[in-house]
Amino acid sequence: MLTERQRLILAAIIQDYAKTGKAVGSKTLLEELGLAVSSATVRNEMASLEEQGLLQKEHTSSGRVPSQRGYRYYVDKIMRSEHMTQVAQQSLERVFNRNFQQIDDLMQTMVTELANITGYTVVALKPESVDTRLSGFRLVPVDGQQVMAIIVTNDGQVTSQSFRLPEGMDVRGLDDMVRYINQTLVNQPIVDVLRTLSGDLPLKMERTIRTPVAFLQLFGDVLARSIRDKVFVGGRLNVLDYTDDTELQEIKQLLQLLDAPSAMRQVMGNANDGVLIQIGDENGNSLLSPYSLISSTYRVPQHGVGALAVLGPTAMRYADVVNLVDAYRSTLSTQLLEYYR
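Residues numbered from 1 in each chain as written. Predicted model: local features only at pLDDT ≥ 70, side-chain atom pairs only at ≥ 80, totals over all residues. Heavy atoms only, no water.

Caption draft 1: Local environment of the overall build of the protein chain. The number of helices and strands found in the protein chain is 13 helices and 10 strands. In summary, the protein chain has a C-alpha radius of gyration of 27 Å against a globular reference of 20 Å for 341 residues, an excess of more than 25%. Taking the principal axes of its C-alpha atoms as reference, the protein chain extends roughly 90 × 40 × 30 Å. Looking at the protein chain as a whole, 46% of its 341 residues are labelled buried. (Helix = DSSP H or I, 4+ residues; strand = E, 2+ residues; numbered from the N terminus. Rg over C-alpha atoms; globule rule 2.2 N^0.38 Å. Buried < 20%, exposed > 50% of the residue type's maximum accessible area, 1.4 Å probe, protein only.)

Following this line, the structure appears as structure tokens:
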């Protein structure tokens, strides 16, 4: 149990170190906190905090820096919730007061804005595609035997893929199949459509429509792409600003991790609608051990669970970032619900 003075000193060191990146000494603390004690008393308190594993010495300075345990104590027992600043409110308005044709555009704009305002790296995942539905399917001639298959889903996502028709086949020869898909499969959940395609539908269609079964396989491939999990990353290179003496290969592996949907969903998936703060080794992945990750899940009723996270140094501005993540995920959840409606 820390005394009130020790709590003040620990909080001041953590906040100063986040601002300057430099070890904090007793003289600086006396000036900032206005404590009616001597510099020697402050040094003794700092030594006590070090003995408890909450601070550690830097070799190049007589000052102290926070330890991982010190950060954990701070976020659990000292840190207070911050009010939304005017800058943060303006940031929310810049993102969510715009009209977007596709959810992907909204997600990318959001992570970019949040990365700009924090200076950290931001990662987001859309709600899992548990109820994404097929809205429409078209074939568009491109050139000669080249055509483009275009699939639209109810979240505004447009997925396309070009392919070449067999020699002697005209795109108009596929009109019956396109019409059949739009009449019978539109408005169904895509997972159900994929299940239908893997069943006996191709054989049924072959009896009534002169269409290569191989084309239905291509349609299924494009359809599967439309609901594939995707990571949205903002401020990807910001991580270089707070990475010290890290090999290039480790940075490459970290950037690959950020782009891996299943891995990031696992890392961010434990917040249970709250804001989760993971510091250093608590991230459960050696690539994330030098960093802190502040994450949150958000729910869109009947559409699944998404996730939002900010990756930064352990010397992070924790209260500010927690406040931003909470505000963004709450607003995003509401915005996406309105979009689906």
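There is more to say, and it comes next.
Caption draft 2: Spatial organisation of the sheet that holds strand β10 (residues 304-313). Read across the sheet, 5 strands follow the order β7-β3-β10-β9-β8 without closing on themselves; strand pairing throughout is antiparallel. A single partner strand is all that each edge strand has here, and the edge strands are β7 (231-234) and β8 (275-279). Averaged over neighbouring strand pairs, the angle between their axes works out to 15° when direction is ignored. Sheet topology note: the strand β3 (residues 121-125)/β10 ladder contains 5 bridges and is antiparallel. Directly across from V123, in β10, lies its bridge partner A309. Each of β3, β7, β8, β9 (291-300) and β10 touches helix α12 (residues 261-268); the most contacted strand, β3, lies at about 100° to it. (Pairing = 2+ DSSP bridges. Axes fitted to C-alpha atoms, helices over the stretch in contact; angles between N-to-C directions. Contact = heavy atoms within 4.5 Å.)

Caption draft 3: Broad picture of the packing of aromatic side chains. Applying the stated rule across the entire model yields 4 aromatic pairs. Between Y242 and Y291 the ring centres are 6.1 Å apart and the planes differ by 80°, which places this aromatic pair in the edge-to-face class. Of the two residues, Y242 is situated in the loop between β7 and α11 (248-258) and Y291 in strand β9; the sequence distance between them amounts to 49 residues. For the pair formed by Y242 and Y291, the shared burial category is buried. An aromatic cluster is built from Y120, Y242 and Y291, whose rings are joined through pairwise contacts. (Phe/Tyr/Trp six-rings, centres within 6.5 Å; stacked < 30°, edge-to-face > 60°.)

Caption draft 4: Representation of the packing of helix α5 (residues 86-96) against helix α6 (residues 103-118) within the structure. Running from N to C, α5 and α6 cross one another at 160°; their axes reach a closest spacing of 9 Å. Of the possible angle classes, the one that applies to α5 and α6 is roughly antiparallel. The handedness of the crossing between α5 and α6 is right-handed. For the pair α5 and α6, contact is made by V87, A88, S91, R94, V95 and F96 and by L106, T109, M110, E113 and I117, respectively. Looking at side-chain class alone, the contact of α5 with α6 contains 7 nonpolar, 2 polar and 2 charged residues. (Parallel < 35°, antiparallel > 145°, perpendicular 65-115°, else oblique. Left-handed = near helix turned anticlockwise from the far one by under 90°. Nonpolar A, V, L, I, M, F, W, Y, C, P; charged D, E, K, R; others polar.)

Caption draft 5: Region of interest: the environment of D175. Looking at the element boundaries, D175 is found in helix α7 (residues 175-184). Since its relative accessible area comes to 36%, D175 is described here as partly exposed. Taking the C-alpha atoms as reference, D175 lies 8.4 Å from L139; in sequence the two are 36 residues apart.

Caption draft 6: Looking closely at the nonpolar core. Within the largest apolar cluster, 77 residues are counted, with the highest numbers of intra-cluster contacts made by L10, M110, Y318 and Y328. No other element matches the 10 residues that helix α13 (residues 318-340) contributes to this core. For Y328, the contacting residues outside a window of four places in its chain are S91, L92, V95, F96, M110, E113, L114 and L308. I181, L185, F219 and L223 belong to the second-largest nonpolar core, a separate cluster that totals 25 residues. (Core = buried A, V, L, I, M, F, W, Y, C linked by side-chain atoms within 4.5 Å.)

Caption draft 7: Highlighting the sheet that holds strand β6 (residues 158-164). The strand order across the open sheet built from 3 strands is β4-β5-β6, with neighbouring strands paired in antiparallel fashion. Across the chains shown, the open sheet's two edge strands, defined by having one partner strand only, are β4 (134-143) and β6. For this sheet, the mean angle separating the axes of adjacent strands, direction not counted, is 20°. In this structure, β4 lies alongside strand β5 (residues 146-153), joined through 8 bridges in antiparallel fashion.

Caption draft 8: View of the side chain of S26. Its place among the elements puts S26 in helix α2 (residues 26-33). Setting aside its immediate chain neighbours within four residues, S26 contacts S39, V42, R43 and M46.

Caption draft 9: Examining the packing of helix α1 (residues 4-20) against helix α4 (residues 68-78) more closely. Contact geometry for α1 and α4: axes closest at 10 Å, N-to-C directions at 115°. Taken together, α1 and α4 sit at an angle that is classed as roughly perpendicular. Here the hand of the crossing between α1 and α4 comes out left-handed. Judged by residue contacts, R7, L10, A11, I14, Q15 and Y17 of α1 engage G70, Y71, Y73, Y74, K77 and I78 from α4. Residue classes in the contact of α1 with α4 are distributed as 8 nonpolar, 2 polar and 2 charged.

Caption draft 10: Summary view of the side chain of T243. Position of T243 relative to the elements: it lies in the loop between β7 and α11. The exposure class of T243 is buried, given its relative accessible area of 16%. Within polar-contact distance, the side chain of T243 engages the backbone oxygen of V239 at 2.5 Å. Among the polar contacts listed, one links the side chain of T243 to the side chain of Y291, at a separation of 3.0 Å. (Polar contact = N/O pair within 3.5 Å; in protein donor to acceptor, adjacent residues only side chain to side chain.)

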